[in-house]
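Here is what each chain is made of, one letter per residue.
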Amino acid sequence: MEFRLATIQDLPRILEMYKELVQRMQLQTSPIWDEVYPCCCLPDDIQFNRLYVLLKNSRILSAFALCDTEPGASHVSWANSDGRALYLTRLGVRAGKERRGIGSLMLEYAKATAKATGFDSLRLFVVDHNLPAIRLYQKYGWNQASGIYRKQTDSNTVLCEYGFEIDL
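Reference entry: report on the structure contained in this document.

Calculation rules
- Chains are numbered independently. Their residues run from 1 in the order of the written sequence.
- At least 70 in pLDDT is required for a residue's local features to be given in this predicted model, at least 80 for side-chain atom pairs to be given and counted, and no such filter applies to totals for whole chains, interfaces and linings, which use all residues.
- Side-chain descriptors were evaluated using all non-hydrogen atoms of the structure, hydrogens and water having been removed beforehand.
- Here a strand is any run of E in DSSP of at least two residues, a helix any run of H or I of at least four, and the numbering for each starts at the N terminus.
- Here the radius of gyration uses the C-alpha set of atoms, whereas the globule reference equals 2.2 Å times the residue count to the power 0.38.
- When a residue's accessible area, from a 1.4 Å probe over protein chains only, is under 20% of the maximum for its type it is buried; when over 50% it is exposed; and in between it is partly exposed.
- Residue-level accessible areas treat just the shown protein chains as cover; the underlying method is Shrake-Rupley with a 1.4 Å probe.
- Here Asp and Glu are counted as negative and Lys and Arg as positive; His is not counted, and neither are the chain ends.
- By convention, charge coordinates are those of NZ in Lys, CZ in Arg, CG in Asp, or CD in Glu.
- By nonpolar core is meant a set of buried Ala, Val, Leu, Ile, Met, Phe, Trp, Tyr and Cys residues that side-chain atoms within 4.5 Å join together.
- Residue contacts are defined here by distance: any two heavy atoms, one from each residue, within 4.5 Å place the two residues in contact.
- Definition of a polar contact: a pair of N or O atoms within 3.5 Å, with one able to donate and the other able to accept a hydrogen when the atoms are protein atoms, and with sequence-neighbouring residues admitted only if both atoms are side-chain atoms.
- Here is the rule: rings of Phe, Tyr and Trp (six-membered ring for Trp) pair when centre to centre is within 6.5 Å. Planes less than 30 degrees apart are stacked, more than 60 are edge-to-face, and the remainder are tilted.
- A ring has a charge above it when a Lys NZ or an Arg CZ is no more than 6 Å from the ring centre and no more than 35 degrees off the ring normal.

Observations regarding the overall build of the protein
When its secondary structure is counted, the protein shows four helices and eight strands. From first element to last, N terminus to C terminus, the protein shows the α and β order β-α-α-β-β-β-α-β-α-β-β-β. The C-alpha atoms of the protein give a radius of gyration of 15 Å, which matches the 15 Å a tight globule of 168 residues would have. Principal-axis analysis of the C-alpha atoms gives the protein an extent of 40 × 40 × 30 Å. Across the 168 residues that make up the protein, the buried fraction comes to 45%. Element-wise, carbon and sulfur atoms account for 48% of the exposed surface of the protein, whose accessible area totals about 9,000 Å². Treating the 20 positive side-chain charges of the protein as one cloud and the 19 negative ones as another, the clouds have centres 7 Å apart.

Digging into the nonpolar core
Grouped together as the largest cluster of nonpolar side chains are 23 residues, with contacts concentrated most on Leu-66, Leu-88, Leu-122, Tyr-137 and Trp-142. Only strand E2 (51-56), strand E3 (59-67), strand E4 (85-93), helix H3 (102-116), strand E5 (121-127), helix H4 (131-139) and strand E8 (158-167) provide two or more residues apiece to this core. With five residues, the top contributor of residues to this core is H3. Setting aside residues up to four positions removed in sequence, Trp-142 forms contacts with Leu-88, Leu-107, Leu-122, Arg-123, Leu-124, Tyr-137, Phe-164, Glu-165 and Ile-166. Residues Cys-39, Leu-51, Ala-63 and Ala-95 belong to the second largest nonpolar core, which totals 20 residues.

Points about the side chain of Glu-161
The topology assignment puts Glu-161 in strand E8. A polar contact of 3.2 Å, which involves the side chain of Glu-161, links it to the side chain of Lys-151.

Some points on the packing of aromatic side chains
Applying the stated rule across the entire model yields eleven aromatic pairs. Each ring, one from Trp-78 and one from Phe-125, has its centre 5.6 Å from the other, and the planes form 80°; the classification is edge-to-face. Residue Trp-78 is located in the loop between E3 and E4, and its partner Phe-125 is located in strand E5; the two are separated by 47 residues in the primary sequence. Of the residues examined, Trp-78 reaches a relative accessible area of 10% and is grouped as buried. On the basis of relative accessibility, which here comes to 14%, the residue Phe-125 falls in the buried class. Grouping aromatic residues by their ring pairs yields a cluster made of Phe-3, Tyr-52, Phe-64 and Tyr-109. For Arg-84, the ring lying beneath its charged end belongs to Phe-119, and the centroid distance is 4.1 Å. A cation over an aromatic ring shows up here: Lys-151 above the ring of Tyr-37, its NZ or CZ 5.7 Å from the ring centre.

Okay, structure coming up:
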């Protein structure tokens, strides 16, 4: 497997992966992503060197972005409020490849990348009903911040998100 920064040439394959994830989510009772998000962010993520991909035989298995800001950051109380934090966002694993350790591997890559670039902690937000993701973060030592970020989507849905962080 190969882990690296995404390039603009990867974009069609990355979009395909995320669109498959969105289709799968649409079948669930509470979809988190839609036909606009996260795909609308991916070109900028690539342009600003913040989108990372995991490939196997040229097929995108997973991707995430590492951003220096996050809209919900001030809505929760972080344990490590004094250090430099990076935000893990848009973490997706190809539909049909869940429960194979890819999410765990991507968390390790995200931590290593953030640490190598001089950050003190890595943070993320997760929708309150995304229990598999919450369990994954807890299993690997992420700590839940106090408070909830209530994010209104374009469709006037309010998503309640928990903040998680881990020291690097």
